[in-house]
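# Notes for the structure review
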Amino acid sequence: MAYSVSKLTDYSAAALEKAAAECVRACADEAAAVRNDAELKAFRDRWIGRKNGVLTQINDLWLKGAPKDAKRDAGRIVNEVKAAVENTLQTAELNRLAVASGTPLARDRVDISLPGVRRPIGAEHPVVKTTNEMVRVFQKLGYSVAEGPVIETDYYNFEALNFPPNHPARDTQDTLFIAGQQAKPQRERLLLRTHTSPVQIRTMEKMRPPIRIVIPGTVHRNDPPDASHSPMFHQIEGLAVDTNITFGDLKGTLDHAMKEFFGSSVKTSFRPSFFPFTEPSAEMFVSCFICGGSGRRGAEPCRPCKQTGWIEILGCGMVDPNVFEFVKDNGYDPRRVSGFAFGMGADRIALLKYGVDDLQLFFNGDVRFLEQFA
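Below: a short report on this structure. (Residues numbered from 1 in each chain as written. Predicted model: local features only at pLDDT ≥ 70, side-chain atom pairs only at ≥ 80, totals over all residues. Heavy atoms only, no water.)

## Structural notes on the packing of helix α1 (residues 13-32) against helix α2 (residues 37-48)
- The contact between α1 and α2 brings their axes to 11 Å, and the two run at 165°. If you check the angle between α1 and α2, you find them roughly antiparallel. Judged by the sense of rotation from one axis to the other, the crossing of α1 with α2 is right-handed. Contacts between α1 and α2 involve Cys 23, Ala 26, Cys 27, Glu 30 and Ala 31 from the former and Phe 43, Arg 46 and Trp 47 from the latter.
- Class assignment for the residues of the contact of α1 with α2 results in six nonpolar, no polar and two charged. (Axes fitted to C-alpha atoms, helices over the stretch in contact; angles between N-to-C directions. Helix = DSSP H or I, 4+ residues; strand = E, 2+ residues; numbered from the N terminus. Parallel < 35°, antiparallel > 145°, perpendicular 65-115°, else oblique. Left-handed = near helix turned anticlockwise from the far one by under 90°. Contact = heavy atoms within 4.5 Å. Nonpolar A, V, L, I, M, F, W, Y, C, P; charged D, E, K, R; others polar.)

Right, dumping it as C-alpha coordinates:
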(Lines give C-alpha, C1' and ligand atoms only; values in the text may rest on other atoms or scores of the structure.)
Protein backbone atom coordinates (compact mmCIF):
# COMPACT_ATOMS: atom_id res chain seq x y z
CA MET A 1 0.00 0.00 0.00
CA ALA A 2 1.43 3.39 -1.03
CA TYR A 3 2.41 5.81 1.68
CA SER A 4 0.10 8.75 2.33
CA VAL A 5 0.72 11.76 4.57
CA SER A 6 -1.71 12.08 7.43
CA LYS A 7 -2.43 15.17 9.51
CA LEU A 8 -0.88 15.10 12.95
CA THR A 9 -2.93 15.62 16.09
CA ASP A 10 -0.07 14.90 18.49
CA TYR A 11 2.98 17.17 18.12
CA SER A 12 5.02 15.74 20.93
CA ALA A 13 8.66 14.95 20.17
CA ALA A 14 7.99 11.19 20.27
CA ALA A 15 5.04 11.47 17.86
CA LEU A 16 7.03 13.63 15.44
CA GLU A 17 9.97 11.20 15.48
CA LYS A 18 7.66 8.23 14.87
CA ALA A 19 5.90 9.90 11.96
CA ALA A 20 9.24 10.92 10.41
CA ALA A 21 10.65 7.37 10.73
CA GLU A 22 7.58 5.90 8.99
CA CYS A 23 7.91 8.41 6.15
CA VAL A 24 11.64 7.81 5.59
CA ARG A 25 11.16 4.04 5.74
CA ALA A 26 8.34 4.19 3.17
CA CYS A 27 10.52 6.30 0.86
CA ALA A 28 13.38 3.78 1.07
CA ASP A 29 11.00 0.88 0.35
CA GLU A 30 9.59 2.59 -2.73
CA ALA A 31 13.10 3.48 -3.95
CA ALA A 32 14.14 -0.17 -3.67
CA ALA A 33 11.23 -1.15 -5.93
CA VAL A 34 12.35 1.14 -8.79
CA ARG A 35 13.27 -0.98 -11.84
CA ASN A 36 13.44 1.39 -14.82
CA ASP A 37 13.65 5.03 -15.80
CA ALA A 38 9.88 5.45 -16.01
CA GLU A 39 9.43 4.19 -12.45
CA LEU A 40 12.29 6.45 -11.31
CA LYS A 41 10.54 9.52 -12.81
CA ALA A 42 7.26 8.53 -11.16
CA PHE A 43 9.03 8.06 -7.85
CA ARG A 44 10.71 11.48 -8.11
CA ASP A 45 7.45 13.25 -8.99
CA ARG A 46 5.54 11.50 -6.21
CA TRP A 47 7.97 12.54 -3.50
CA ILE A 48 9.37 15.94 -4.51
CA GLY A 49 6.70 17.25 -6.91
CA ARG A 50 6.01 20.93 -6.15
CA LYS A 51 2.22 20.79 -6.36
CA ASN A 52 1.29 17.55 -4.64
CA GLY A 53 4.54 15.80 -3.73
CA VAL A 54 4.87 14.02 -0.40
CA LEU A 55 7.35 16.65 0.84
CA THR A 56 4.94 19.44 -0.06
CA GLN A 57 2.13 17.66 1.80
CA ILE A 58 4.34 17.19 4.85
CA ASN A 59 5.22 20.87 4.86
CA ASP A 60 1.53 21.84 4.68
CA LEU A 61 0.09 19.25 7.09
CA TRP A 62 2.89 18.98 9.65
CA LEU A 63 4.61 22.35 9.73
CA LYS A 64 1.88 24.82 8.81
CA GLY A 65 -0.67 22.93 10.87
CA ALA A 66 1.51 22.76 13.97
CA PRO A 67 0.61 24.74 17.11
CA LYS A 68 2.80 27.76 17.80
CA ASP A 69 4.69 26.09 20.63
CA ALA A 70 5.48 23.05 18.41
CA LYS A 71 6.58 24.96 15.28
CA ARG A 72 10.26 24.67 16.08
CA ASP A 73 10.25 20.88 16.61
CA ALA A 74 8.00 20.35 13.60
CA GLY A 75 10.31 22.44 11.39
CA ARG A 76 13.33 20.43 12.49
CA ILE A 77 11.58 17.12 11.74
CA VAL A 78 10.37 18.31 8.34
CA ASN A 79 13.90 19.38 7.39
CA GLU A 80 15.29 15.99 8.46
CA VAL A 81 12.67 14.14 6.42
CA LYS A 82 13.39 16.35 3.41
CA ALA A 83 17.14 15.63 3.61
CA ALA A 84 16.54 11.88 3.95
CA VAL A 85 14.14 11.77 0.99
CA GLU A 86 16.51 13.77 -1.23
CA ASN A 87 19.38 11.49 -0.29
CA THR A 88 17.29 8.40 -1.11
CA LEU A 89 16.31 9.90 -4.46
CA GLN A 90 19.94 10.69 -5.28
CA THR A 91 20.99 7.13 -4.46
CA ALA A 92 18.21 5.72 -6.65
CA GLU A 93 19.30 7.91 -9.56
CA LEU A 94 22.95 6.87 -9.15
CA ASN A 95 21.94 3.22 -9.12
CA ARG A 96 19.99 3.63 -12.36
CA LEU A 97 23.00 5.30 -13.99
CA ALA A 98 25.28 2.54 -12.71
CA VAL A 99 23.03 -0.16 -14.15
CA ALA A 100 22.96 1.61 -17.50
CA SER A 101 26.78 1.95 -17.64
CA GLY A 102 27.58 -1.46 -16.12
CA THR A 103 29.39 0.00 -13.06
CA PRO A 104 28.84 -1.18 -9.45
CA LEU A 105 25.76 0.10 -7.66
CA ALA A 106 26.15 2.94 -5.21
CA ARG A 107 25.47 0.62 -2.27
CA ASP A 108 28.33 -1.61 -3.43
CA ARG A 109 30.90 1.15 -3.78
CA VAL A 110 33.42 1.93 -1.06
CA ASP A 111 33.51 5.46 0.27
CA ILE A 112 37.26 6.01 0.73
CA SER A 113 36.58 9.16 2.75
CA LEU A 114 35.12 7.09 5.60
CA PRO A 115 37.45 6.04 8.43
CA GLY A 116 38.74 2.48 8.16
CA VAL A 117 37.88 -0.39 10.45
CA ARG A 118 40.43 -0.44 13.23
CA ARG A 119 41.34 -3.99 14.18
CA PRO A 120 42.74 -4.47 17.68
CA ILE A 121 46.29 -5.78 17.74
CA GLY A 122 46.50 -9.23 19.31
CA ALA A 123 49.14 -10.54 21.68
CA GLU A 124 50.89 -13.84 22.29
CA HIS A 125 49.22 -16.33 24.60
CA PRO A 126 51.18 -16.50 27.90
CA VAL A 127 52.14 -20.16 27.29
CA VAL A 128 53.25 -19.39 23.73
CA LYS A 129 55.15 -16.34 24.98
CA THR A 130 56.92 -18.41 27.63
CA THR A 131 57.76 -21.11 25.07
CA ASN A 132 59.20 -18.59 22.62
CA GLU A 133 61.30 -16.94 25.32
CA MET A 134 62.77 -20.27 26.41
CA VAL A 135 63.41 -21.36 22.82
CA ARG A 136 65.26 -18.10 22.13
CA VAL A 137 67.55 -18.80 25.07
CA PHE A 138 68.70 -22.05 23.46
CA GLN A 139 68.84 -20.53 19.99
CA LYS A 140 71.44 -18.12 21.31
CA LEU A 141 73.45 -21.19 22.35
CA GLY A 142 73.40 -22.48 18.77
CA TYR A 143 70.38 -24.81 18.96
CA SER A 144 68.05 -25.23 15.99
CA VAL A 145 64.27 -25.59 16.34
CA ALA A 146 62.84 -29.00 15.33
CA GLU A 147 59.20 -30.06 15.04
CA GLY A 148 57.31 -33.28 14.44
CA PRO A 149 53.80 -34.75 14.12
CA VAL A 150 51.41 -34.78 17.07
CA ILE A 151 49.94 -38.12 15.93
CA GLU A 152 52.79 -40.60 16.34
CA THR A 153 53.44 -44.31 16.06
CA ASP A 154 54.20 -46.55 19.00
CA TYR A 155 57.69 -47.04 17.54
CA TYR A 156 58.73 -43.39 17.72
CA ASN A 157 56.86 -42.58 20.92
CA PHE A 158 57.97 -45.61 22.93
CA GLU A 159 60.04 -48.35 21.30
CA ALA A 160 62.83 -46.20 19.84
CA LEU A 161 63.07 -44.31 23.15
CA ASN A 162 63.87 -47.45 25.15
CA PHE A 163 60.38 -48.01 26.59
CA PRO A 164 60.01 -51.82 26.87
CA PRO A 165 56.70 -53.40 25.75
CA ASN A 166 55.45 -53.83 29.33
CA HIS A 167 56.29 -50.28 30.44
CA PRO A 168 53.34 -48.68 32.32
CA ALA A 169 53.51 -45.54 30.14
CA ARG A 170 52.11 -47.62 27.28
CA ASP A 171 48.92 -48.27 29.24
CA THR A 172 45.70 -46.60 28.10
CA GLN A 173 45.43 -45.00 31.53
CA ASP A 174 48.31 -42.72 30.50
CA THR A 175 48.25 -42.71 26.71
CA LEU A 176 45.53 -41.67 24.26
CA PHE A 177 45.54 -44.26 21.45
CA ILE A 178 43.77 -43.80 18.12
CA ALA A 179 40.82 -46.18 17.79
CA GLY A 180 40.81 -49.08 15.35
CA GLN A 181 44.53 -49.90 15.54
CA GLN A 182 44.29 -53.40 17.01
CA ALA A 183 44.94 -55.15 13.68
CA LYS A 184 48.27 -53.36 13.18
CA PRO A 185 51.62 -54.47 14.63
CA GLN A 186 52.24 -52.74 17.95
CA ARG A 187 55.03 -50.50 16.66
CA GLU A 188 52.74 -49.15 13.89
CA ARG A 189 49.77 -48.27 16.07
CA LEU A 190 48.90 -44.58 16.16
CA LEU A 191 48.58 -42.47 19.29
CA LEU A 192 48.72 -38.87 20.45
CA ARG A 193 52.33 -38.31 21.45
CA THR A 194 52.89 -38.23 25.20
CA HIS A 195 56.08 -36.16 24.90
CA THR A 196 58.03 -34.36 22.19
CA SER A 197 60.87 -36.89 22.43
CA PRO A 198 59.86 -38.71 19.20
CA VAL A 199 61.21 -35.67 17.35
CA GLN A 200 64.66 -36.55 18.71
CA ILE A 201 64.58 -39.92 16.92
CA ARG A 202 63.13 -38.45 13.73
CA THR A 203 65.82 -35.75 13.67
CA MET A 204 68.65 -38.25 14.26
CA GLU A 205 67.29 -40.35 11.39
CA LYS A 206 67.60 -37.34 9.06
CA MET A 207 70.76 -35.65 10.36
CA ARG A 208 74.15 -37.03 11.22
CA PRO A 209 75.95 -35.85 14.35
CA PRO A 210 76.78 -33.36 15.69
CA ILE A 211 73.28 -31.97 16.35
CA ARG A 212 71.82 -29.50 18.81
CA ILE A 213 68.06 -29.08 18.67
CA VAL A 214 65.30 -27.64 20.85
CA ILE A 215 61.79 -29.07 20.38
CA PRO A 216 58.68 -27.11 21.43
CA GLY A 217 55.21 -28.58 20.92
CA THR A 218 51.93 -29.86 22.29
CA VAL A 219 51.59 -33.31 23.86
CA HIS A 220 48.64 -35.34 25.17
CA ARG A 221 48.10 -37.65 28.12
CA ASN A 222 45.00 -39.18 29.64
CA ASP A 223 44.89 -36.79 32.60
CA PRO A 224 41.62 -35.32 33.91
CA PRO A 225 41.73 -31.50 33.83
CA ASP A 226 42.30 -29.80 37.15
CA ALA A 227 44.34 -26.92 38.57
CA SER A 228 47.66 -28.63 37.74
CA HIS A 229 46.81 -31.14 34.96
CA SER A 230 45.42 -31.06 31.45
CA PRO A 231 44.94 -33.73 28.75
CA MET A 232 46.80 -31.33 26.43
CA PHE A 233 49.87 -29.39 27.49
CA HIS A 234 53.14 -28.04 26.12
CA GLN A 235 56.69 -29.29 26.35
CA ILE A 236 60.10 -27.95 25.43
CA GLU A 237 62.78 -30.59 24.91
CA GLY A 238 66.39 -30.37 23.89
CA LEU A 239 68.98 -32.76 22.49
CA ALA A 240 72.71 -32.35 21.95
CA VAL A 241 74.85 -35.11 20.43
CA ASP A 242 78.57 -34.92 19.65
CA THR A 243 81.83 -36.58 20.60
CA ASN A 244 82.97 -36.35 24.22
CA ILE A 245 79.80 -34.74 25.62
CA THR A 246 79.61 -35.21 29.39
CA PHE A 247 77.17 -34.62 32.21
CA GLY A 248 79.20 -31.49 32.98
CA ASP A 249 78.18 -30.09 29.58
CA LEU A 250 74.55 -30.80 30.46
CA LYS A 251 74.81 -29.02 33.81
CA GLY A 252 76.62 -26.04 32.36
CA THR A 253 74.12 -25.64 29.51
CA LEU A 254 71.05 -25.82 31.72
CA ASP A 255 72.56 -23.62 34.43
CA HIS A 256 73.27 -20.92 31.86
CA ALA A 257 69.78 -21.27 30.32
CA MET A 258 68.02 -20.92 33.68
CA LYS A 259 70.08 -17.87 34.61
CA GLU A 260 69.29 -16.33 31.23
CA PHE A 261 65.56 -16.98 31.66
CA PHE A 262 64.95 -16.40 35.39
CA GLY A 263 67.81 -14.05 36.23
CA SER A 264 71.50 -14.30 37.03
CA SER A 265 70.90 -14.81 40.76
CA VAL A 266 69.10 -18.14 40.24
CA LYS A 267 70.94 -21.26 41.41
CA THR A 268 70.46 -24.78 40.05
CA SER A 269 70.45 -28.18 41.75
CA PHE A 270 70.50 -31.64 40.14
CA ARG A 271 69.03 -34.63 41.95
CA PRO A 272 69.15 -38.27 40.74
CA SER A 273 66.06 -39.60 38.99
CA PHE A 274 65.07 -42.16 36.34
CA PHE A 275 63.90 -41.86 32.75
CA PRO A 276 63.90 -44.77 30.26
CA PHE A 277 65.72 -42.84 27.55
CA THR A 278 68.52 -41.29 29.63
CA GLU A 279 71.17 -42.79 31.91
CA PRO A 280 72.22 -41.32 34.26
CA SER A 281 69.12 -39.16 34.76
CA ALA A 282 68.35 -36.21 37.00
CA GLU A 283 65.69 -33.70 37.91
CA MET A 284 66.80 -30.11 37.91
CA PHE A 285 65.62 -27.60 40.49
CA VAL A 286 66.12 -23.84 40.51
CA SER A 287 66.25 -21.69 43.59
CA CYS A 288 62.89 -20.04 44.03
CA PHE A 289 62.97 -16.79 42.08
CA ILE A 290 59.91 -15.58 43.98
CA CYS A 291 61.20 -15.79 47.55
CA GLY A 292 64.90 -15.78 46.62
CA GLY A 293 65.37 -19.30 48.00
CA SER A 294 64.36 -18.41 51.55
CA GLY A 295 61.07 -20.32 51.52
CA ARG A 296 59.18 -17.31 52.89
CA ARG A 297 57.63 -14.17 51.47
CA GLY A 298 57.87 -11.78 54.37
CA ALA A 299 55.85 -13.26 57.21
CA GLU A 300 54.01 -15.64 54.89
CA PRO A 301 55.24 -19.02 53.57
CA CYS A 302 56.19 -19.16 49.87
CA ARG A 303 53.66 -21.43 48.17
CA PRO A 304 55.31 -21.90 44.73
CA CYS A 305 58.36 -23.59 46.30
CA LYS A 306 56.39 -25.14 49.20
CA GLN A 307 58.71 -23.38 51.66
CA THR A 308 61.71 -25.41 50.44
CA GLY A 309 63.38 -22.61 48.50
CA TRP A 310 63.62 -24.85 45.40
CA ILE A 311 61.33 -25.39 42.40
CA GLU A 312 61.48 -28.46 40.15
CA ILE A 313 61.77 -27.29 36.55
CA LEU A 314 62.74 -30.18 34.28
CA GLY A 315 64.06 -33.69 33.81
CA CYS A 316 67.32 -34.41 32.03
CA GLY A 317 70.15 -36.89 31.60
CA MET A 318 72.69 -38.45 29.27
CA VAL A 319 71.14 -40.19 26.25
CA ASP A 320 70.91 -43.92 26.93
CA PRO A 321 73.16 -45.93 24.53
CA ASN A 322 70.14 -48.14 23.76
CA VAL A 323 68.49 -45.12 22.10
CA PHE A 324 71.50 -44.58 19.85
CA GLU A 325 71.24 -48.19 18.71
CA PHE A 326 68.04 -47.34 16.81
CA VAL A 327 69.91 -44.75 14.70
CA LYS A 328 73.33 -46.37 14.77
CA ASP A 329 73.50 -46.63 10.97
CA ASN A 330 73.26 -42.84 10.62
CA GLY A 331 76.45 -42.14 12.56
CA TYR A 332 75.20 -42.50 16.12
CA ASP A 333 77.46 -45.30 17.26
CA PRO A 334 77.23 -45.20 21.08
CA ARG A 335 80.93 -46.08 21.26
CA ARG A 336 81.85 -42.90 19.37
CA VAL A 337 79.21 -40.29 20.29
CA SER A 338 77.42 -39.22 23.43
CA GLY A 339 74.75 -36.70 24.18
CA PHE A 340 72.32 -35.24 26.65
CA ALA A 341 68.60 -34.53 26.57
CA PHE A 342 66.23 -32.48 28.70
CA GLY A 343 62.53 -31.73 28.81
CA MET A 344 60.39 -29.18 30.63
CA GLY A 345 56.71 -28.22 30.78
CA ALA A 346 56.11 -24.79 29.27
CA ASP A 347 52.74 -24.53 31.04
CA ARG A 348 54.33 -25.11 34.45
CA ILE A 349 56.97 -22.47 33.80
CA ALA A 350 54.26 -20.03 32.69
CA LEU A 351 52.32 -20.72 35.92
CA LEU A 352 55.40 -19.87 37.96
CA LYS A 353 56.41 -16.87 35.88
CA TYR A 354 53.01 -15.17 35.94
CA GLY A 355 51.88 -16.29 39.41
CA VAL A 356 48.82 -18.18 38.16
CA ASP A 357 47.45 -20.92 40.43
CA ASP A 358 45.14 -22.76 37.98
CA LEU A 359 46.38 -24.29 34.72
CA GLN A 360 42.87 -24.34 33.24
CA LEU A 361 42.81 -20.53 33.12
CA PHE A 362 45.28 -20.69 30.24
CA PHE A 363 42.94 -22.84 28.14
CA ASN A 364 39.45 -21.50 28.95
CA GLY A 365 39.71 -18.79 26.30
CA ASP A 366 38.64 -15.97 28.63
CA VAL A 367 39.99 -12.87 26.87
CA ARG A 368 39.68 -10.83 30.07
CA PHE A 369 42.19 -13.15 31.73
CA LEU A 370 44.55 -13.35 28.76
CA GLU A 371 44.61 -9.57 28.25
CA GLN A 372 46.50 -9.23 31.52
CA PHE A 373 49.59 -10.71 29.88
CA ALA A 374 49.44 -8.71 26.62
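## Quick word on the nonpolar core
- One finds Phe 138, Leu 254, Met 258, Ile 313, Leu 314 and Met 344 to be the most contacted residues of the largest nonpolar core, which totals 43 residues.
- Sorting the residues of this core by element identifies α5 (126-140), β5 (232-242), α8 (247-262), β7 (278-287), β10 (310-319), β11 (338-345) and α10 (346-354) as the ones contributing at least two each.
- At six residues, α8 tops the list of elements feeding residues into this core.
- Those residues within four positions of Ile 313 in sequence are excluded, and the remaining contacts are Met 258, Phe 262, Met 284, Phe 285, Val 286, Met 344, Gly 345, Ile 349 and Leu 352. (Core = buried A, V, L, I, M, F, W, Y, C linked by side-chain atoms within 4.5 Å. Buried < 20%, exposed > 50% of the residue type's maximum accessible area, 1.4 Å probe, protein only.)

## Things to note about the packing of α5 against α10
- Where α5 meets α10, the closest approach of the two axes is 9 Å, and the angle between their N-to-C directions is 100°. As judged from the angle between their axes, α5 and α10 are roughly perpendicular. Note on element contacts: α10 touches α5 through Ala 346, Asp 347, Ile 349, Ala 350, Lys 353 and Tyr 354, opposite Pro 126, Val 127, Lys 129, Thr 130, Thr 131, Glu 133 and Met 134.
- Here the contact of α5 with α10 is composed, by residue class, of seven nonpolar, two polar and four charged.

## Quick look at the pairing of β11
- Most of β11 sits inside the fold, with six of its eight residues counted as buried.
- Relative to β11, β5 runs antiparallel, the two sharing eight bridges. From the neighbouring strand, Ile 236 faces β11, where its bridge partner is Met 344.
- Strand direction decides the pairing type here: β10 and β11, joined by five bridges, are antiparallel. (Pairing = 2+ DSSP bridges.)

## Considering the packing of aromatic side chains
- Tallied over the full model, the rule gives 15 aromatic pairs.
- When the ring of Phe 163 is compared with that of Phe 277, the centres are 5.9 Å apart and the planes differ by 40°; the resulting orientation is tilted. With Phe 163 in the loop between α6 (154-157) and β3 (190-192) and Phe 277 in the loop between β6 (268-275) and β7, the pair connects residues that are 114 residues apart, well separated along the chain.
- Here Phe 277 falls in the buried class, since its relative accessible area comes to 18%.
- On the numbers, 6.0 Å between centres and 55° between planes, the contact of Phe 362 with Phe 369 is tilted.
- For Phe 362, a relative accessible area of 2% corresponds to the buried category.
- By way of ring pairs, the aromatic residues Phe 158, Phe 163, Phe 275 and Phe 277 are connected into one cluster.
- Note that Arg 202 overlies the ring of Tyr 156, its terminal NZ or CZ placed 4.0 Å from the centroid.
- A cation sits over an aromatic face here: Arg 271 above Phe 285, 3.9 Å from the ring centre. (Phe/Tyr/Trp six-rings, centres within 6.5 Å; stacked < 30°, edge-to-face > 60°. Lys NZ or Arg CZ within 6 Å of the ring centre and 35° of its normal.)

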